[in-house]
Amino acid sequence: AGGMSHTIIQNNLIYFPKRAIYIIGTSESISILNNNAIAGGDGGEGILFGDATHFCDHCIISGNILRSFGLDGIKVLGLEYGVISNNVLSKNGNDTDNTYSGILLAAGGGNSIYNIITGNNITSDSVNNPQYGIRENSSADGPNIITNNIVLNAQTAQISTQHASSDVSHNITA
């Protein structure tokens, strides 16, 4: 979808898409992705928000179930003042071992700053596991609060922050 603002996408069952929810093409404001269950067809991201020139401001990604996407489970480019909470992500990042993330915060039309990432359950037991469970892509992506998540079986690090002031606390990692 593109050219939208104040968008709500909720209560969907989606099976085997390349990308399940892909929102780009405008600077989004107050968009909500809530309570979607999505089983991937391997390639692509489960949820992709933003692109190189657009961002999402005050957006919420919450209560979704994302399973078996080849690339990042949730990838946000330029998420500002957002919340990523209470999502269940399993077997994402399985196209290439040690390459992708369960949740990736990266720059798009702006940096991914002032976000709360909390209460997510990110696991993988695939032959190919993600590189990171939760990742800030650069030192400009932050500060963010990353708390109360369960992150298991990523290859390089369960949680990888790049910004010096990002707050990481009370997570379970292994």
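Residues numbered from 1 in each chain as written. Predicted model: local features only at pLDDT ≥ 70, side-chain atom pairs only at ≥ 80, totals over all residues. Heavy atoms only, no water.

### Side note on the pairing of strand β15 (residues 101-106)
Then comes step 1: Burial analysis of β15 places six of its six residues in the buried class, the great majority of the element.
Then comes step 2: Inspection of the sheet shows strand β11 (residues 74-77) paired to β15 by four bridges, in the parallel sense. Each bridged residue has a counterpart across the sheet, and for isoleucine 74 the counterpart in β15 is isoleucine 103.
Then comes step 3: Bridge count between β15 and strand β18 (residues 132-136): four bridges; the pairing is parallel. Within the sheet, the bridge partner assigned to leucine 104 lies in β18 and is arginine 135. (Buried < 20%, exposed > 50% of the residue type's maximum accessible area, 1.4 Å probe, protein only. Helix = DSSP H or I, 4+ residues; strand = E, 2+ residues; numbered from the N terminus. Pairing = 2+ DSSP bridges.)

### Overview of a nonpolar patch on the surface
Then comes step 1: A surface patch of nonpolar side chains, about 430 Å² in accessible area, is lined by Leu13, Tyr15 and Phe16.
Then comes step 2: For tyrosine 15, the position within the fold is in strand β2 (residues 13-15). (Patch = residues over 30% accessible without salt bridge, like charges linked within 9 Å, V, L, I, M, F, W, Y side chains within 5 Å. Areas by Shrake-Rupley, 256 points an atom, 1.4 Å probe, with all protein chains shown as cover. Salt bridge = Lys/Arg side-chain N within 4 Å of Asp/Glu carboxyl O.)

### What about the sheet that holds strand β7 (residues 47-49)?
Then comes step 1: The strand order across the open sheet formed by six strands is β3-β7-β11-β15-β18-β21, and the pairing between neighbours is parallel. The open sheet has two free edges, formed respectively by β3 (21-23) and β21 (157-160), since each of these has just one partner strand. Sheet twist, expressed as the average angle between the axes of neighbouring strands with direction ignored, equals 5 degrees.
Then comes step 2: Pairing between β7 and β11: three bridges, direction parallel. Counted as the bridge partner of isoleucine 47 is isoleucine 74 from β11. (Axes fitted to C-alpha atoms, helices over the stretch in contact; angles between N-to-C directions.)

### Considerations on the side chain of aspartate 141
Then comes step 1: Summarising the element assignment, aspartate 141 is placed in the loop between β18 and β19 (145-147).
Then comes step 2: Buried and unpaired, aspartate 141 has arginine 135 as its nearest opposite-charge partner, separated by 8.1 Å.
Then comes step 3: From its side chain, aspartate 141 meets the backbone nitrogen of alanine 107 in a polar contact 3.3 Å long.
Then comes step 4: Sequence-distant contacts of aspartate 141, defined by excluding residues within four places in its chain, comprise Leu105, Ala106, Ala107, Asn111, Ser112, Glu136 and His163. (Lys, Arg positive; Asp, Glu negative; His and termini not counted. Polar contact = N/O pair within 3.5 Å; in protein donor to acceptor, adjacent residues only side chain to side chain. Contact = heavy atoms within 4.5 Å.)

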